[in-house]
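# Report on the structure
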Amino acid sequence: MLRVTALPLAELRERSSEKWREYPADVLPLFVAETDFPLAPAITTALQRAIDVGDTGYVASRTPLAEAFAAFAQRRFGWTPDPARMRSTADVSMGIVEILRRVTQPGDRVIVTPPVYPPFYELVAEAGAEVVRVPLADTGTAWELDLDGIRAAFEDGAAAILLCNPHNPTGTVHDRDALAALAEIADEFGAAVVSDEIHGPLAQPGTAFTPFLSAGDAAQRVGYAVVSASKAFNLAGLKCALMVTADDETSAVVRGLPVEVEWRTGQFGLLAAVAAFSEESDEWLDGLLRTLDENRVLLEDLLASRLPGARYRIPDAGYLAWIDLSAFEWGDNPARRILKDARVALHYGPAFGTEGAGHVRLNFGTSPEILIEAIERIAALVAR
Ligand SMILES: Cc1ncc(COP(=O)(O)O)c(C=O)c1O
């Protein structure tokens, strides 16, 4: 069984990406969604080969990416999307904006389900639309889509919903029945569902992740999925994502996007994504999921023992933890105090929506040592 282990801190500090350059070296960075693991070997080989031969031109018009993703989806999710109904672009955000531009008119409303990945608010605006908030329902033990609230927003004229599946920051894998019901509602109102599935490959075994387009006939009619290898395989800087559809009309919308949208795909991103989605990387991804499983449980233990009062639910997917620290009365944005006095950088809760007051988002895609140190530093604030 392959173990995927995070790099030591000294090596990580040699990286020059956002995670490692935003804050001074005395800060432990657990904010942005980059991970601290080495690359999957098949990716290193593919990129190394490209460097050796100077394969740094434009992406080709015919590439193996769509087939590679279709095979990955079949092996990992039991879903068989049609490669002919996919197109690549630079990143998931760009795919979302380009699709929203086509499925909304200027000033139309688009539903988001806060607390949610902060750029969603800006992506909707960038597409010329306006945000309607329908917060996730908190059942006391889990978060779920508020289907009644979503129906009411569609009744009120919303043209689309931007779904986060799995959900960032709560790590919720939405239930298949809820997704099928959402699709039926959207279909009834002629609305579009744009499903951001960037965290899909990181759904833990047994959580029954459902790609939106596999949630029934209505989902195929109304849905657009935007997928990428970038979160699971830490490839965000290489710029490659796929827009996936499952029906003639939606695929005509994606085919109708300007060719430039596809030209913006990064060549290294594409080569890396093909390697990531290949069968050769399955064992590495399984190893990563095991490490993240250990970390999500370790975090629960650490919070219970060092920060009792912190509220955290183990996420179904990904490496992001949504933690309610309101019990400590560190204000609406506890991450500020934690950065200043504990020298740990977390993502600001209120950036995810008003529901995020008193919350932080912590990235546990790191080593147990860094995780322990971060929680120790934060716990020391309570002891003060
Ligand atoms: C839900 C979600 N969507 C999109 C992104 C950004 O993806 P990209 O860099 O491909 O635009 C992230 C990054 O963390 C994310 O969590």
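Residues numbered from 1 in each chain as written. Predicted model: local features only at pLDDT ≥ 70, side-chain atom pairs only at ≥ 80, totals over all residues. Heavy atoms only, no water.

### Comments concerning the overall build of the chain
Secondary structure summary: the chain contains 15 helices and 15 strands in total. A compact globule built from 384 residues would reach a C-alpha radius of gyration of about 21 Å, and the chain, at 20 Å, matches this within 12%. A principal-axis box enclosing the C-alpha atoms of the chain has dimensions of 60 × 55 × 35 Å. Within the span of the chain, comprising 384 residues, buried residues form 55% of the whole. In the chain, of all internal contacts separated by at least 6 residues, the share reaching a separation of at least 24 is 73%. Carbon together with sulfur atoms contributes 50% to the accessible area of the chain, which is approximately 15700 Å² in total. Of the side chains in the chain, 34 bear a positive and 54 a negative charge, and the two mean positions are spaced by 5 Å. (Helix = DSSP H or I, 4+ residues; strand = E, 2+ residues; numbered from the N terminus. Rg over C-alpha atoms; globule rule 2.2 N^0.38 Å. Buried < 20%, exposed > 50% of the residue type's maximum accessible area, 1.4 Å probe, protein only. Contact = heavy atoms within 4.5 Å. Areas by Shrake-Rupley, 256 points an atom, 1.4 Å probe, with all protein chains shown as cover. Lys, Arg positive; Asp, Glu negative; His and termini not counted. Charge placed at Lys NZ, Arg CZ, Asp CG, Glu CD.)

### A closer look at the site of the ligand
Residues in contact with the ligand, as listed here, are Ala33, Asp91, Val92, Ser93, Tyr117, Cys164, Asn168, Asp196, Ile198, His199 and Lys231. With respect to the ligand, the side chain of Ser93 contributes an N or O atom lying 2.5 Å from an oxygen atom. With respect to the ligand, the side chain of Asp196 contributes an N or O atom lying 2.5 Å from a nitrogen atom. Summarising the interface, the protein chains cover 93% of the accessible area of the ligand, which totals 400 Å² for the free molecule. With respect to the detected pockets, the ligand is housed in the largest pocket. (Near = heavy atom within 4 Å. Polar contact = N/O pair within 3.5 Å; in protein donor to acceptor, adjacent residues only side chain to side chain. 1 Å grid on protein atoms, 1.4 Å probe; cavity = no way out; pocket = protein on both sides within 12 Å on 5 of 7 lines; lining within 4 Å. Sits in = over half its atoms within 2 Å of the grid points.)

### Points about the sheet that holds strand β2 (residues 86-89)
Read across the open sheet, the seven strands follow the order β2-β10-β9-β8-β7-β3-β4; overall the sheet is mixed. Bordering the open sheet on either side are β2 and β4 (130-133), each of which pairs with just one other strand. Pairs of neighbouring strands in the sheet enclose a mean axial angle of 25 degrees, with direction left out of account. Relative to strand β10 (residues 241-244), β2 runs antiparallel, the two sharing four bridges. In the sheet register, Thr89 faces β10, and the bridge partner there is Ala241. Contacting β2, β9 (223-227) and β10, helix α10 (residues 248-255) runs over the sheet at an angle of about 50 degrees to β9. (Pairing = 2+ DSSP bridges. Axes fitted to C-alpha atoms, helices over the stretch in contact; angles between N-to-C directions.)

### With respect to the domain arrangement of the chain
Assigned domains within the chain: domain 1 (9-39 + 282-383) and domain 2 (44-279). Each of domain 1 and domain 2 has a C-alpha centre, and the two are 25 Å apart. Taken together, the contacts link 29 residues of domain 1 with 38 residues of domain 2. Taking both partners together, domain 1 and domain 2 bury about 2900 Å²; carbon and sulfur atoms supply 54% of that area. One can count five salt bridges joining domain 1 with domain 2. One salt bridge connects Arg76 with Asp286, and the closest N-O pair in it is separated by 2.8 Å. Counting across the interface, domain 1 meets domain 2 through 20 residue pairs in polar contact (both at pLDDT 80 or more). For the side of domain 1 that touches domain 2, the elements supplying multiple residues, two or more each, are α13 (282-306) and β12 (320-324). For the side of domain 1 that touches domain 2, the leading source of residues is α13, giving nine residues. (Domains from an automatic or database assignment. Buried area = accessible area lost by both parts, 1.4 Å probe. Salt bridge = Lys/Arg side-chain N within 4 Å of Asp/Glu carboxyl O.)

### Points about the sheet that holds strand β15 (residues 359-363)
The antiparallel open sheet is built from four strands, whose spatial order is β11-β12-β15-β14. A single partner strand is all that each edge strand has here, and the edge strands are β11 (311-312) and β14 (347-348). Where β11 lies against β12, two bridges are found, and the strand directions are antiparallel. Note that in β12 the partner of Tyr312 across the bridge is Ile323.

### Things to note about helix α4 (residues 65-77)
Helical geometry note: an α-helix holds 3.6 residues per turn, so side chains three or four residues apart project in the same direction. In this model, α4 (13 residues) spans 17 Å end to end at C-alpha, consistent with the 18 Å of a helix rising 1.5 Å per residue. Turning to α4, its buried residues number three or more, namely Leu65, Ala66, Ala68, Phe69, Ala70, Phe72, Ala73 and Phe77. Two residues or fewer after α4 comes Gly78, characterised by a positive phi angle close to 65 degrees. (Expected span 1.5 Å × (residues − 1).)

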